[in-house]
Amino acid sequence: MAALEISRSVREVHCPDGTTISYSVGGGPGGPTLVAVHGMCCRKEHFDALIEYLPTDYRVVAVDLAEHGASRSDRSDFSITSFARDVLAVVEAEQVDRCIVVGHSMGGAVGIELAVIAPEKIDAVVGLDSVHYAGLYPAQTAEAVAAVVDPMAADWIGGTRGLITWGTVPGSDPEVSEDMFRQMSGMRQPAGLRALRGLLEWDLGAALSATDRPLVVFAARDLYDVEANRVLEDRVTFHSVDLGGHFFLVDHAQETAQLLVDAVGRLAGGRA
């Protein structure tokens, strides 16, 4: 597919708790609606390049989660459920009847939770390098959460560098990795730590048991945790892809767009 210039407008929705969510809307009528949700400490613009390679009749709504990107919030609740409610506020503001949620990393968890709280609006969730980390997504004990959060609280910059290094594999664009480091390490606090805690405290198993929506995950092959496939294969369809590391949606925008188009076609035909 050739890249296409798609006009997008940036809008806001104001939630009852005082949170202001920034989001963009682009594309044309007639095709499917994709709701794009970024990962932890990221922003909606990470989908920009990918969106340019989607068919022009796809409507794409890309959301900045609370305190990410241009969204603002002074609340203390940064749970996955609270993020899902923010996305639902956008979906309702845009009068979206049905959509497919496309979530990168933590955004996939938000998408699954959205399918739990608003199943009537969600046809499926497509994760981009999301929920296949078997050691991260099961319900964590308080001790396990503290073991991750406390070192990040002591050295957010160094901890973020470690996350970026882990997610950078052969085939990753080093300039993209550095840009992601600058953005993620600059995340406003305490929101970044609260988002990390919210992710670790989220119970994937409980969420999966509460929704019957199709779940498809494209996982970076060099990071793919095959144990997750063994545990979750009854509920999640995993596809490992050779597109670099954790941020392949930015590194390889055109190829990722094609993966989404193919997935949407299979989902429309009743096959994950």
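What counts and how
- Residues numbered from 1 in each chain as written.
- Predicted model: local features only at pLDDT ≥ 70, side-chain atom pairs only at ≥ 80, totals over all residues.
- Heavy atoms only, no water.
- Helix = DSSP H or I, 4+ residues; strand = E, 2+ residues; numbered from the N terminus.
- Rg over C-alpha atoms; globule rule 2.2 N^0.38 Å.
- Buried < 20%, exposed > 50% of the residue type's maximum accessible area, 1.4 Å probe, protein only.
- Contact = heavy atoms within 4.5 Å.
- Areas by Shrake-Rupley, 256 points an atom, 1.4 Å probe, with all protein chains shown as cover.
- UniProt positions renumbered as here; feature names shortened; annotations may be inferred.
- 1 Å grid on protein atoms, 1.4 Å probe; cavity = no way out; pocket = protein on both sides within 12 Å on 5 of 7 lines; lining within 4 Å.
- Points joined across faces, edges and corners; volume = space filled by probe spheres on them.
- Nonpolar A, V, L, I, M, F, W, Y, C, P; charged D, E, K, R; others polar.
- Pairing = 2+ DSSP bridges.
- Right-handed = clockwise from strand over helix to strand, strands pointing away.
- Salt bridge = Lys/Arg side-chain N within 4 Å of Asp/Glu carboxyl O.
- Axes fitted to C-alpha atoms, helices over the stretch in contact; angles between N-to-C directions.
- Left-handed = near helix turned anticlockwise from the far one by under 90°.
- pLDDT = per-residue confidence, 0-100.
- Expected span 1.5 Å × (residues − 1).
- Polar contact = N/O pair within 3.5 Å; in protein donor to acceptor, adjacent residues only side chain to side chain.

**As for the overall build of the chain**
Here comes step 1: When you go through the chain residue by residue, the secondary structure sums to 11 helices and eight strands.
Here comes step 2: Whereas a compact globule of 272 residues would reach a radius of gyration of roughly 19 Å, the chain reaches 17 Å, a difference of no more than 12%.
Here comes step 3: On the principal axes, the C-alpha backbone points of the chain span a range of 50 × 40 × 40 Å.
Here comes step 4: Evaluated residue by residue, the chain yields a buried proportion of 54% over its 272 residues.
Here comes step 5: Nonlocal contacts in the chain, meaning residues at least 24 apart in sequence, comprise 74% of its contacts between residues at least 6 apart.
Here comes step 6: When the accessible surface of the chain is summed, it comes to about 11,100 Å², and 52% of that surface belongs to carbon and sulfur atoms.

**Here we look at the UniProt feature "domain: AB hydrolase-1" (unreviewed entry) in the chain**
Here comes step 1: The UniProt feature table records "domain: AB hydrolase-1" (unreviewed entry) at residues 34-258.
Here comes step 2: Taken end to end, residues 34-258 is 45% helix and 15% strand, and its first and last C-alpha atoms sit 14 Å apart.

**Digging into the layout of surface pockets**
Here comes step 1: By volume, the largest pocket amounts to about 460 Å³.
Here comes step 2: Looking at the lining of the largest pocket, the elements with two or more residues in it are helix H4 (142-154), helix H5 (156-167) and helix H7 (191-201).
Here comes step 3: Broken down by class, the residue content of the lining of the largest pocket amounts to 16 nonpolar, seven polar and one charged.

**What about the pairing of strand S7 (residues 215-220)?**
Here comes step 1: Extensive coverage of S7 is indicated by the burial of six of its six residues.
Here comes step 2: Of the two faces of S7, the one lined by Leu215, Val217 and Ala219 and the one lined by Val216, Phe218 and Ala220 are each fully buried.
Here comes step 3: Of the strand pairs in this sheet, strand S6 (residues 122-128) and S7 are connected by four bridges, and their pairing is parallel. Each bridged residue has a counterpart across the sheet, and for glycine 127 the counterpart in S7 is valine 217.
Here comes step 4: Note: S7 against strand S8 (residues 236-241), six bridges, orientation parallel. Of the residues in S8, the one forming a bridge with valine 216 is threonine 237.
Here comes step 5: Since S7 and S8 lie parallel, the crossover through helix H9 (residues 226-232) that links them has a hand, and here it is right-handed.

**Quick notes on the pattern of salt bridges**
Here comes step 1: Overall, the coordinates contain 14 salt bridges when judged by the stated rule.
Here comes step 2: Here aspartate 123 ties to arginine 98 by a salt bridge, and the two come within 2.6 Å at their closest N and O atoms. Note that aspartate 123 is positioned in strand S6 and arginine 98 in the loop between helix H2 (80-93) and strand S5 (99-104), a separation of 25 residues in sequence.
Here comes step 3: We classify aspartate 123 as partly exposed; its relative accessible area is 34%.
Here comes step 4: What you see here is one network of salt bridges that share partners, running through Arg11, Arg59 and Glu94.

**Section: the packing of H5 against helix H6 (residues 174-185)**
Here comes step 1: Two elements in contact, H5 and H6, have axes separated by 9 Å at closest approach and are oriented at 145°. Here H5 runs over H6; the crossing is right-handed. On H6, the residues that touch Trp156, Ile157, Thr160, Arg161 and Ile164 of H5 are Ser177, Glu178, Met180, Phe181, Met184 and Ser185.

**Observations regarding the confidence of the model for the chain**
Here comes step 1: Per-residue confidence for the chain gives a mean pLDDT of 94, with 97% of residues at or over 70.
Here comes step 2: The model gives residues 1-5 a pLDDT under 50, and that stretch makes 14 contacts with residues more than four places away or in other chains.

**Remarks on H6**
Here comes step 1: The end-to-end C-alpha separation of H6 is 16 Å, in line with the 16 Å expected for 12 residues at 1.5 Å each.
Here comes step 2: For H6, the secondary structure elements touched by its buried residues are H5 and helix H10 (248-251).
Here comes step 3: Of the residues flanking the start of H6, the one acting as N-cap is aspartate 173, its side-chain oxygen 2.9 Å from the backbone nitrogen of glutamate 175.

**Brief notes about the environment of leucine 88**
Here comes step 1: One can find leucine 88 in helix H2.
Here comes step 2: Residues leucine 88 and arginine 197, 109 residues apart in the sequence, show an inter-C-alpha distance of 21 Å.
Here comes step 3: Discounting residues that sit within four places of it in the chain, leucine 88 has contacts with Leu114, Ile117, Ala118 and Lys121.

**Considerations on unusual backbone geometry**
Here comes step 1: The omega angle of the peptide bond from glutamine 189 to proline 190 is 10°, so this bond is cis rather than trans.
Here comes step 2: Relative to the elements of secondary structure, proline 190 occurs in the loop between H6 and H7.
Here comes step 3: The backbone phi angle of cysteine 41 is positive, close to 65°, even though this residue is not glycine.
Here comes step 4: Position of cysteine 41 among the secondary structure elements: in the loop between strand S3 (33-37) and helix H1 (48-51).
Here comes step 5: Using a relative accessible area of 3% as the deciding quantity, one classes cysteine 41 as buried.
Here comes step 6: Despite not being glycine, glutamate 67 shows a phi value in the positive range, around 65°.

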